[in-house]
Amino acid sequence: MAQSASTGFSFTKLIVSDVDNLYSFYNRVFGLVEKTRVQQGEGEHELDEIIMGADEAGYSSPTLVIQRFPNRPIPDRGEVTLGFVVDDVDATVEKAWAEGGSVYRAAHAQPQHGVKVAFIKDSDGHLIEIVEML
């Protein structure tokens, strides 16, 4: 039986070129774990997706779904900006770099907002904003 989820914002879906590669990136950089994998359909509707979230959260907190439609073109990058709050922006940037990501905008403090922010790209080129609370 499926675990019940509360109403409200629940998930973000990101269409990627390689679900296994991107799962590895988000697992190693942000600690997201696979909740389930769906491989179904055929033709234009063939789908391969991994639903990820915090290890202990089940489906009670928002999830990131990375999906690939093998028989459709991948949308242009920049269709979405993912956001993660982290304990250490600099360490997260280093992890992203080690996992094939890149730095789009270096970490910079914004004390007027109480945050330190950096923009990185995952190993598929999708933009991610990472925020450390100061």
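Here is a short report on the structure shown in this document.

Calculation criteria
Residues numbered from 1 in each chain as written. Predicted model: local features only at pLDDT ≥ 70, side-chain atom pairs only at ≥ 80, totals over all residues. Heavy atoms only, no water. Pairing = 2+ DSSP bridges. Helix = DSSP H or I, 4+ residues; strand = E, 2+ residues; numbered from the N terminus. Axes fitted to C-alpha atoms, helices over the stretch in contact; angles between N-to-C directions. Buried < 20%, exposed > 50% of the residue type's maximum accessible area, 1.4 Å probe, protein only. Contact = heavy atoms within 4.5 Å. Polar contact = N/O pair within 3.5 Å; in protein donor to acceptor, adjacent residues only side chain to side chain.

**Re the sheet that holds strand S4 (residues 63-68)**
Reading across from one edge, S1-S4-S3-S2 is the order of the 4 strands in this open sheet, with mixed pairing throughout. Each edge of the sheet is formed by a strand with only one pairing partner; in this case those strands are strand S1 (11-15) and strand S2 (33-40). Between one strand axis and the next, the sheet turns by 20 degrees as a mean value, whatever way the strands run. The pairing of S2 with strand S3 (residues 47-53) spans 7 bridges and is antiparallel. Bridge pairing in S3 links Gln-39 to Asp-48.

**Considering the pairing of strand S7 (residues 115-121)**
The buried count for S7 comes to 6 of 7 residues, which makes it a mostly enclosed element. Two strands pair when backbone bridges link them, and strand S6 (residues 102-110) and S7 are joined in this way by 6 bridges, in the antiparallel orientation. Bridge pairing links Ala-109 to Lys-116 in S7. Between the antiparallel neighbours S6 and S7 lie 4 residues, among them Gly-114 with a positive phi of about 75 degrees. With 7 bridges connecting them, S7 and strand S8 (residues 127-133) associate as antiparallel partners.

**Thoughts on the pairing of S3**
The two faces of the sheet receive side chains in turn, since in a regular strand these alternate between them. With respect to burial, S3 is a largely interior element, 7 of its 7 residues being buried. Of the two faces of S3, the one lined by Leu-47, Glu-49, Ile-51 and Gly-53 and the one lined by Asp-48, Ile-50 and Met-52 are each fully buried. Between S2 and S3, which follow one another and run antiparallel, lie 6 residues, and Gly-41 among them has a positive phi close to 80 degrees. Examined bridge by bridge, S3 and S4 share 5 bridges and lie antiparallel to one another. Across the sheet, residue Ile-51 finds its bridge partner in S4, namely Val-65.

**Quick look at the sheet that holds S7**
Strand order in the open sheet made by the 4 strands is S5-S8-S7-S6, with mixed pairing throughout. This sheet does not close on itself; its edge strands, each paired only once, are strand S5 (81-85) and S6. Across the sheet, the mean angle from the axis of one strand to that of its neighbour is 15 degrees, orientation sign disregarded. Helix H1 (residues 19-30) rests against S5, S7 and S8 of the sheet, and its axis sits at about 10 degrees to S8. Of the strands in this sheet, S6, S7 and S8 are in contact with helix H2 (residues 89-98), which crosses S7 at around 5 degrees.

**Here we look at the side chain of His-108**
Structurally, His-108 is set in strand S6. Side-chain polar atoms of His-108 contact the side chain of Gln-110, separated by 3.2 Å. Other than its neighbours up to four places away in sequence, His-108 contacts Val-115, Lys-116 and Val-117.

**Comments concerning the side chain of Asp-124**
Along the chain, Asp-124 turns up in the loop between S7 and S8. According to the relative accessible area criterion, Asp-124 is buried, its value standing at 9%. A polar side-chain atom of Asp-124 sits 3.3 Å from a polar atom in the side chain of His-126. Those residues within four positions of Asp-124 in sequence are excluded, and the remaining contacts are Val-16, Ser-17, Leu-22 and Arg-77.

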